[in-house]
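# Breakdown of the fold
Below, each chain spelled out in residue letters.
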Amino acid sequence: MTLHGDAYLKCIDPKCGLEYPIKSTNVQCEKGHLLDVKYKNKPSEKLKDVFAHRGIMDEGIIFNESGVWRFRELLNFCEIDTENIDECSNFLVSLDGAEGRQSKPYHMTRASAFIGTSSDNLWLQPEGYNPSGSFKDNGMASAVTHAKMIGAKKIVCASTGNTSASAGMFAANEGIQCDVYIPAGQIAPGKLSQAYQFGAQIVEVNGNFDDALKQSLDDAKNHDGYTVNSLNPFRIEGQKTIPYRALEYLKWASPDWIVYPGGALGNTSSCGKALMELYEWGWISKVPRIAVINSEGASTLSDLYNGKFQGEELRWNKGKPNTELIAEYYAYLDKEGIRPKTKATAIQIGRPVNILKGLRALDFTDGVVTSVSDAEMLDGMSVVGLNGFDCEMASGASVVGIKKLLEDEIIKKDDVVVGILTGRQKDAMLPVDYHNNPENKFAIPPKI
Ligand code: F0G
């Protein structure tokens, strides 16, 4: 069934509420607010069975193998006949079905022992086995699909590394140009080399990610580029499939918690949107709580949400969040010369561009935010390795964040928790350095 006129864009600010056609090229509303992709029709719950059979029954159809496009009815902004595979091929961007294909939640006994919970209650979902090595491929498949749909010739992003790797990969595969703005000297070597390998045009910015994003947005506007950072609402659509896969694996019985590292807050936003929609459609009866884990060195959301700045706890507040408080916090960082600083460079972000969608997600899910140290994240990363799974330092935040929230009795002993491991190791020397220091908790130093 083709549903033309079903999908459109809507500003998230209830006061503004501007709407745009789905083929609009703006990633923000004309007043600079974030946009949502909206669908007029409610998908039938019978699709749960369709999803379960795709990939098993239909070998060779890449859109059924893909962990993103397997759920294409729930992100059908192309308004295509989703059963028509020729139509899928004409519209949907996929790396041969590999995006999201390998991702599902696992029990990891060494991690649950470290965290202090029963193995049955803890699930960790590695997104690092995506084709470019991070969760970004989920959202990049959908963002580049929209870029192609509107005829964009060039995609543009700023990145702490994984976005640029993913954007470069899809752009090369689709034969479109890709410019990536990176904070010079501040991204992991394995990520930088991917952007070069995929033939992206690197633009080195003398500053941090926040500076690189600003420059990339200006350049995209002035030179007809299509921005694929997570402020693009079509990125959020593809990333909804991360919780879809977790929920499907748990037979659509909601866990108590879904836990993410927090950077620009695209993941928090997409998980929130996925849960809001599933709940509204009656596909889930319980809403999992979202926990966001910041690095202590880049803790904007944690500081503001927990009232560590001027004593006010920043909230969505029915669509009227105190944006002045956010502006004052940024002014304070600038005045004091405080720059985000963490070895987990993926989440070294001071100005999370999706903060308002993040607050909305936390409001809907009764979420919590906390922060963890670099040493803790390294332990989290390392204990995942002891289970035979790869992940990067920022992903370690999910593991130690769960541990911390359990110790603080915010997560209860019997709660079922899904932690997202956002990316695989691309900073080759981090595990080497970790294991060569016998003082580290999980270190296995080399024999001499
Ligand atoms: N984990 C990893 C491995 C990441 O690469 C990122 C973000 C995050 C977590 C944070 O996710 O932004 O959705 O809150 N990396 C971006 C990049 C910013 O440019 O690769 P978020």
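Described below are features of the structure shown in this document. (Residues numbered from 1 in each chain as written. Predicted model: local features only at pLDDT ≥ 70, side-chain atom pairs only at ≥ 80, totals over all residues. Heavy atoms only, no water.)

## What about the environment of alanine 264?
- Note that alanine 264 resides in the loop between β9 (257-261) and α11 (266-280).
- Once the C-alpha coordinates of alanine 264 and proline 352 are considered, the two residues, 88 residues apart in sequence, prove to be 4.0 Å apart.
- The contacts of alanine 264, once residues within four sequence positions are left out, are Ser230, Ile349, Pro352, Val353 and Asn354. (Helix = DSSP H or I, 4+ residues; strand = E, 2+ residues; numbered from the N terminus. Contact = heavy atoms within 4.5 Å.)

## Quick look at the site of the ligand
- Around the ligand lies a shell of 19 residues, among which Lys136, Thr160, Gly263, Ala264 and Thr422 are the nearest.
- Within the side chain of serine 159, a nitrogen or oxygen atom sits 2.8 Å from an oxygen atom of the ligand.
- Take leucine 265: an N or O atom from its main chain is 2.8 Å from an oxygen atom of the ligand.
- For the ligand, whose free accessible area comes to 480 Å², the fraction covered by protein is 99%.
- Elements with a contribution of two residues or more to the shell around the ligand: α6 (162-174) and α11. (Near = heavy atom within 4 Å. Polar contact = N/O pair within 3.5 Å; in protein donor to acceptor, adjacent residues only side chain to side chain. Areas by Shrake-Rupley, 256 points an atom, 1.4 Å probe, with all protein chains shown as cover.)

## Quick word on the pairing of strand β12 (residues 417-421)
- Across the five residues that make up β12, a large majority, five, are buried.
- Taking every second residue as pointing to the same face, both faces of β12 are buried, with Val417, Gly419 and Leu421 on one and Val418 and Ile420 on the other.
- In terms of strand pairing, strand β4 (residues 122-126) meets β12 through five bridges, oriented parallel. Within the sheet, the bridge partner assigned to tryptophan 123 lies in β12 and is valine 418.
- Across three bridges, the pairing between β9 and β12 is parallel. Residue pairing for β12: valine 259 is matched across the bridge by glycine 419. (Buried < 20%, exposed > 50% of the residue type's maximum accessible area, 1.4 Å probe, protein only. Pairing = 2+ DSSP bridges.)

## Considerations on α6
- Over its 13 residues, α6 extends 18 Å from the first C-alpha to the last, a length consistent with the 18 Å expected when each residue adds 1.5 Å.
- Counting buried positions over the 13 residues of α6 gives 10, a clear majority of the element.
- Buried within α6 we find Asn162, Thr163, Ser164, Ala165, Ser166, Ala167, Gly168, Met169, Phe170 and Ala171.
- In this fold, the buried residues of α6 make contact with α5 (136-149), β5 (154-158), β6 (177-183), α7 (189-197) and α9 (233-239).
- Phi turns positive, to about 70°, at glycine 175, one or two residues after α6. (Expected span 1.5 Å × (residues − 1).)

## So, the packing of aromatic side chains
- Across all of its chains, the model carries 14 aromatic pairs by this definition.
- Ring geometry for phenylalanine 51 versus phenylalanine 71: centroids 4.9 Å apart, planes at 70°, classification edge-to-face. Within this pair, whereas phenylalanine 51 is found in helix α1 (residues 47-53), its partner phenylalanine 71 is found in the loop between α2 (62-65) and α3 (85-91), the two being separated by 20 residues in sequence.
- Under the relative-accessibility criterion, phenylalanine 71 is labelled buried at 0%.
- With 5.9 Å between their ring centres and 65° between their planes, tryptophan 281 and tryptophan 283 make a pair best called edge-to-face. Here the two residues tryptophan 281 and tryptophan 283 agree in accessibility, since each one is buried.
- The ring of tyrosine 305 is capped by arginine 315, whose NZ or CZ atom sits 3.7 Å from the centre of that ring.
- For the cation-ring pair, lysine 403 lies above phenylalanine 114, with the distance from its terminal atom to the ring centre recorded as 4.7 Å. (Phe/Tyr/Trp six-rings, centres within 6.5 Å; stacked < 30°, edge-to-face > 60°. Lys NZ or Arg CZ within 6 Å of the ring centre and 35° of its normal.)

## Thoughts on the pattern of salt bridges
- With the rule as written, the count across this model stands at 24 salt bridges.
- With its nearest N and O atoms 3.9 Å apart, the salt bridge here joins arginine 54 to glutamate 83. On the criterion of sequence distance, the pair formed by arginine 54 in the loop between α1 and α2 and glutamate 83 in the loop between α2 and α3 is long-range, its members being 29 residues apart.
- Arginine 289 is paired through a salt bridge with aspartate 366; the nearest N and O atoms lie 3.5 Å apart. Of this pair, arginine 289 sits in strand β10 (residues 289-295) while aspartate 366 sits in the loop between α14 (355-365) and β11 (368-372), and the two are 77 residues apart along the sequence.
- Judged by relative accessible area, which is 25%, arginine 289 ranks as partly exposed.
- Sharing partners across several salt bridges, the network here consists of Glu237, Lys240, Lys273 and Glu277. (Salt bridge = Lys/Arg side-chain N within 4 Å of Asp/Glu carboxyl O.)

## Things to note about the nonpolar core
- Counting residues in each nonpolar core, the largest one holds 89 residues, and the members touching the most others are Phe77 and Ile155.
- Considering every element that reaches this core, the biggest residue donor is α5, with six residues.
- Leave out the neighbours within four places in its chain, and phenylalanine 77 touches Ala7, Ile22, Val37, Tyr39, Ser142, Thr145, His146, Met149, Phe234 and Glu237.
- Counting residues in hydrophobic clusters, the runner-up holds 36 residues, among them Ala346, Leu378, Phe389 and Val417. (Core = buried A, V, L, I, M, F, W, Y, C linked by side-chain atoms within 4.5 Å.)

## Considerations on the packing of helix α15 (residues 374-385) against helix α17 (residues 429-436)
- Running from amino to carboxyl end, α15 crosses α17 at an angle of 100°, the nearest separation of the two axes being 11 Å. Taken as axis vectors, α15 and α17 run roughly perpendicular relative to one another. Contact with α15, carried on its side by Leu378, Asp379, Met381 and Ser382, involves Leu430, Pro431 and Tyr434 of α17 and no other residues of that element.
- In the contact of α15 with α17, the residues fall into five nonpolar, one polar and one charged. (Axes fitted to C-alpha atoms, helices over the stretch in contact; angles between N-to-C directions. Parallel < 35°, antiparallel > 145°, perpendicular 65-115°, else oblique. Nonpolar A, V, L, I, M, F, W, Y, C, P; charged D, E, K, R; others polar.)

## So, the side chain of asparagine 208
- Counting through the fold element by element, asparagine 208 comes out in the loop between β7 (201-205) and α8 (209-222).
- Residue classification places asparagine 208 among the buried positions, given a relative accessible area of 6%.
- Those residues within four positions of asparagine 208 in sequence are excluded, and the remaining contacts are Pro183, Gln186, Arg339 and Pro340.

Everything listed here is a matter of coordinates, which is why it stays silent on function.
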